[in-house]
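# Breakdown of the fold
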Amino acid sequence: MITDLSLNSRINDVFLLKNKEFKVRRDKKTIDMFFKIADKTGEIEAINWDVSMDKVDELRSIQFAHIQGYITRQKDDGSLQATISSIVKAAPLDLDYTDYLPQSKENLDELMKKLWLKIKSIENSYLRTLLKAFFDDPQFAEKFKRAPAATKVHQPYIGGLLEHTLSVVTICEVICNIYKEIDRDFLITMAILHDIGKVREYAYDKVIEHTDEGKLLGHIALGLEMIDQKIKNIKGFPQDLELMVKHTILSHHGHFEFGSPKLPSILAAIALHYADEMEAKISGFINIKEESKDFKEKWSKWVWWLERPIYLDEEIILKNKIEEIEGDKDDPFNSQGSN
Ligand SMILES: [Fe+2]
Ligand SMILES: [Fe+2]
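The structure displayed is predicted, hence computed values, not measured ones. (Residues numbered from 1 in each chain as written. Chains lettered and ligands numbered in written order. Predicted model: local features only at pLDDT ≥ 70, side-chain atom pairs only at ≥ 80, totals over all residues. Heavy atoms only, no water.)

### Looking at a nonpolar patch on the surface
Rule in force here: Two distance rules govern patches: like charges are joined within 9 Å, and nonpolar side chains (Val, Leu, Ile, Met, Phe, Trp, Tyr) within 5 Å, applied only to residues with over 30% relative accessible area and no salt bridge. Using a 1.4 Å probe, the Shrake-Rupley method yields the accessible areas, and only the shown protein chains count as cover for residues. By definition, a salt bridge exists where a carboxyl oxygen of Asp or Glu is found within 4 Å of a side-chain nitrogen of Lys or Arg. Helix and strand labels come from DSSP, where a helix needs a run of H or I of at least four residues and a strand needs a run of E of at least two; each type is numbered from the N terminus. Between buried and exposed lies partly exposed: a residue is buried under 20% and exposed over 50% of the maximum accessible area for its type, with that area taken using a 1.4 Å probe on protein chains only.
Taken together, the side chains of Val 174, Ile 178 and Tyr 179 make up a nonpolar region of the molecular surface, amounting to roughly 310 Å² of accessible area. Tracing the backbone through its elements, the reader meets Ile 178 in helix H5 (residues 160-178). Accessibility expressed as a relative area gives 53% for Ile 178, which makes it exposed.

### So, the coordination of the iron ion (ligand 1)
Threshold: Metal coordination here is assigned from N, O and S atoms located within 2.8 Å of the ion, or within 3.2 Å for Na, K and Ca; omission of water means that sites may look incomplete. All geometry calls rest on donor angles, where a four-donor set with angles between 85 and 135 degrees is tetrahedral, four- and six-donor sets with opposite donors more than 155 degrees apart and all others between 65 and 115 are square planar and octahedral, and all else is irregular.
In the first shell of the iron ion (ligand 1), the protein supplies Asp 195 (OD), His 219 (NE2), His 252 (NE2) and His 253 (NE2), at 2.2 to 2.3 Å from the metal. Because the angles between the four donor atoms bound to the iron ion (ligand 1) fall within 84 to 170°, the donor set is best described as irregular. Donor residues for the iron ion (ligand 1), ordered by position in the chain, follow D-x23-H-x32-H-H. In this structure, the iron ion (ligand 1) lies 3.9 Å away from the iron ion (ligand 2), the two metals sharing Asp 195 as a donor.

### Digging into the coordination of the iron ion (ligand 2)
Metal coordination angles in their ideal form are 109.5 degrees for the four-donor tetrahedron and 90 or 180 degrees for the six-donor octahedron. All of the protein donors around the iron ion (ligand 2) are His 164 (NE2), His 194 (NE2), Asp 195 (OD) and Asp 276 (OD); their distances to the metal are 2.1 to 2.3 Å. Around the iron ion (ligand 2) sit four donor atoms, and with donor-metal-donor angles ranging over 82 to 175° the site reads as irregular. Read in sequence order, the donor residues coordinating the iron ion (ligand 2) give the pattern H-x29-H-D-x80-D.

### Description of the sheet that holds strand E1 (residues 10-24)
So the rule is basically this: A pair of strands is labelled paired if DSSP reports no fewer than 2 bridges between them. Axes here mean lines fitted to C-alpha atoms, for a helix over just the part in contact, with angles spanning 0 to 180 degrees between N-to-C directions.
Taken together, the five strands give a closed barrel; going around it, the order is E1-E2-E3-E5-E4, and neighbouring strands pair in mixed fashion. Adjacent strand axes in the sheet meet at a mean angle of 50° when their direction is disregarded. As paired elements, strand E3 (residues 42-51) and strand E5 (residues 80-89) share three bridges and run parallel to each other. Residue pairing for E5: Glu 45 is matched across the bridge by Gln 81.

### Quick notes on the pairing of strand E2 (residues 31-39)
By the criterion of burial, E2 is predominantly enclosed, with seven of the nine residues buried. Summarising the sheet, E1 and E2 pair through seven bridges and their orientation is antiparallel. In the sheet register, Val 24 faces E2, and the bridge partner there is Ile 31. What sits between the antiparallel neighbours E1 and E2 is a turn of six residues, in which Lys 28 has the positive phi angle 65°. As paired elements, E2 and E3 share eight bridges and run antiparallel to each other. Directly across from Ile 31, in E3, lies its bridge partner Val 51.

The following block contains the structure:
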């Protein structure tokens, strides 16, 4: 597995090849292949020097390959780089794709049960019927359970969408407790449905990647289409409620430049947008900290979607402060606490 590799390790196994780039050297003849080798535990930068011209098309098309080489470099930030000597396309029958798909650490069946409790808590019969129209369909429920929340940034793994959705629902419940003006049924329904288009935006059977319709339409348009189809089959679904549902889907990214064609114009829509943004940003932040845990540096690499690096010493400082307090026997607060 990728996480078992260290400097000078020999590599001799099947990996997923990602981010392939072929660069021609200054001599205008020699081509080097820069890529990443990956499995469900992570990914490592790899270089295959001096690739022959007639191999480039073949290598470009390979997704899974038997790789041989060595880990030849450890960068200052702790990340590893491999030099690869052999790439042979792996036979599909020899592959267990679950070895290459990153997975949620949560029990997804348990999370689905939690989601069902939320669906059953919806009292508005039109909204509950709309939710059930999706989740009573076993094929949709299975796709939703396994979908990633993204290909990068936040929860980019199997089960990520379910984790993200439940967290957004939980944040929305807190919002409803604070702001009694918000209709709980509507906000929770929309929290559950807001990203359903992602089951079509991403493919996640072999590798996690965008589908063609994901690239061309995106999950906001796809979600709107899916909801439109379901509402058409619910007899008597109120037209003004339908508009509010669709508006909340369209506006949930909150800004035109983030793909929303409409800005949130109803109370529940603005609440959902901030709940969604908060969940995605915090989860993405945690993801960077997780990826940077072997870094020797105080600061992470530049994070493109935050437009900043992040400070990695937060936990060490807070832990030291707690130990300082616990170690101080003369602290009157501490002696009181031990009585
Ligand atoms: Fe979204
Ligand atoms: Fe979301």
